[in-house]
Amino acid sequence: VLFNREKNTFEKFNDNGVLDYIRDIEVDEFGNLWLASSNGITIFDPLKKLFVKQIRSEPNNPNGPISNNITTLFREKNGIIWATTYSNAVTKITYNRNLDLSFENLKEIIRDKKGNAVKSMMKDSKGNIWISTFEGIGIYNSVTGKIFAIRASGNNPYSLKENGVNTVFEDRSGTIWIGHGTVGISKIKSNKGFHVLARDSDQQETLAGNNVMAIHTDKDGTLWANIVDGGIHKIDFHGNYDTYPSI
């Protein structure tokens with residue numbers, strides 16, 4: 001559906017049944033919309049108002065994406081978009097203006113976890129790509145091509161509090177913030193270990209919930225977290241909390 005701002009109307013486009021439902025949308029530098037679904041990726045040109053390309057995994061074809069069951073899309077930079085999947089893998093898609101494509105598949109983000117869903121990706125200030133999954137985090141080094149996994153490991157302060165990770169975000173100070181599925185937010189800076197922010201019913205200033213879906217900062221550096229059934233949560237540099245449950 002395309003919204004026309006001048007007419008204040010919506011225009012619907014028929015994809016002939018290719019898309020079931022859209023899970024994520026990414027925009028490339030040429031203005032094309034990349035639409036992720038459980039039936040692969042479809043590229044839509046809003047100027048021509050046409051679906052111009054379909055990207056699908058085909059049996060016995062190594063020169064394509066690893067899976068059609070796409071969870072999210074991540075534009076690393078001009079010419080590169082990543083697709084995350086429910087198959088413990090991600091696909092790096094290199095493209096140009098003519099939409100000539102090449103593919104690189106990273107398999108086993110977390111070793112021996114075949115049904116592991118990849119939730120999101122983030123590139124940090126050092127060039128590493130953080131891959132969030134239900135079974136931990138994979139940190140991909142594009143120079144070496146290796147993936148370093150971070151997972152929960154008992155009381156080890158240098159491990160995750162839990163393996164279920166929805167999102168990872170880096171603020172302007174270099175601190176990494178991790179949104180979990182059931183234990184709130186972890187943060188890590190340099191090699192100082194993890195500090196967990198979680199809901200505590202006995203404290204007034206606490207997280208509104210522990211299922212954190214997204215984390216971002218505004219222009220002032222204030223951290224905002226989207227919490228399932230908890231609204232939007234604001235955390236400033238001094239550790240003060242504000243919750244907006246009606247948003």
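Everything quoted here is computed from the prediction, not taken from an experiment.

What counts and what doesn't
- Here the residue numbering is sequential within each chain, running from 1 through the sequence in written order.
- In keeping with the model being predicted, local features are shown solely for residues with a pLDDT of at least 70 and side-chain atom pairs are shown and tallied solely at 80 or more, while totals for entire chains, interfaces and linings include all residues.
- Excluded from the side-chain calculation are hydrogens and water; included are all heavy atoms of the structure.
- At least two DSSP bridges between two strands are needed for those strands to be called paired.
- Secondary structure elements are taken from DSSP: a helix is a run of H or I of four residues or more, a strand is a run of E of two residues or more, and numbering for both begins at the N terminus.
- Note on geometry: axes are lines fitted to C-alpha atoms, helical ones only across the stretch in contact, with angles between N-to-C directions running from 0 to 180 degrees.
- Three labels apply to residues, based on accessible area from a 1.4 Å probe with only protein chains included: buried if under 20% of the type maximum, exposed if over 50%, partly exposed otherwise in between.
- Whether two residues touch is decided by their heavy atoms; if any such pair falls within 4.5 Å, the residues are in contact.
- We define a salt bridge as a contact between a side-chain nitrogen of Lys or Arg and a carboxyl oxygen of Asp or Glu at a distance within 4 Å.

A. Region of interest: the sheet that holds strand β8 (residues 80-85). If you trace the four strands from one edge of the open sheet to the other, you get β7-β8-β9-β10, paired in antiparallel fashion. Each edge of the open sheet is held by one strand with a lone partner, namely β7 (70-77) and β10 (102-106). Direction aside, neighbouring strands of the sheet carry axes that sit 20 degrees apart on average. Taken together, the five bridges between strand β9 (residues 90-94) and β10 define a ladder with antiparallel strand orientation. Across the sheet, I93 pairs through a bridge with F103, a residue of β10.

B. The arrangement of the side chain of T42 in detail. Checked against the element boundaries, T42 lands in strand β5 (residues 40-45). Judged by relative accessible area, T42 falls into the buried class, the value being 3%. Those residues in contact with T42 that sit more than four places away from it in its chain are V18, L19, L33, W34, L35, F51, K53 and Q54.

C. Local environment of unusual backbone geometry. If you check the backbone angles, L99 has positive phi at about 60 degrees while not being a glycine. Mapping L99 onto the fold places it in the loop between β9 and β10. Even without glycine at this site, E108 takes up a positive phi of about 50 degrees. Mapping E108 onto the fold places it in the loop between β10 and β11 (118-123). Residue class for E108 comes out partly exposed when judged on its relative accessible area of 41%.

D. Inspection of the pattern of salt bridges at higher detail. Enumeration according to the criterion identifies four salt bridges in this entry. Between K123 and E76 there is a salt bridge; the shortest N-O distance is 3.0 Å. With K123 in strand β11 and E76 in strand β7, the pair connects residues that are 47 residues apart, well separated along the chain. Here R151 ties to E135 by a salt bridge, and the two come within 2.9 Å at their closest N and O atoms. In this pair, R151 sits in the loop between β14 (146-150) and β15 (165-170) while E135 sits in the loop between β12 (129-133) and β13 (136-141), placing the two residues 16 residues apart along the sequence.

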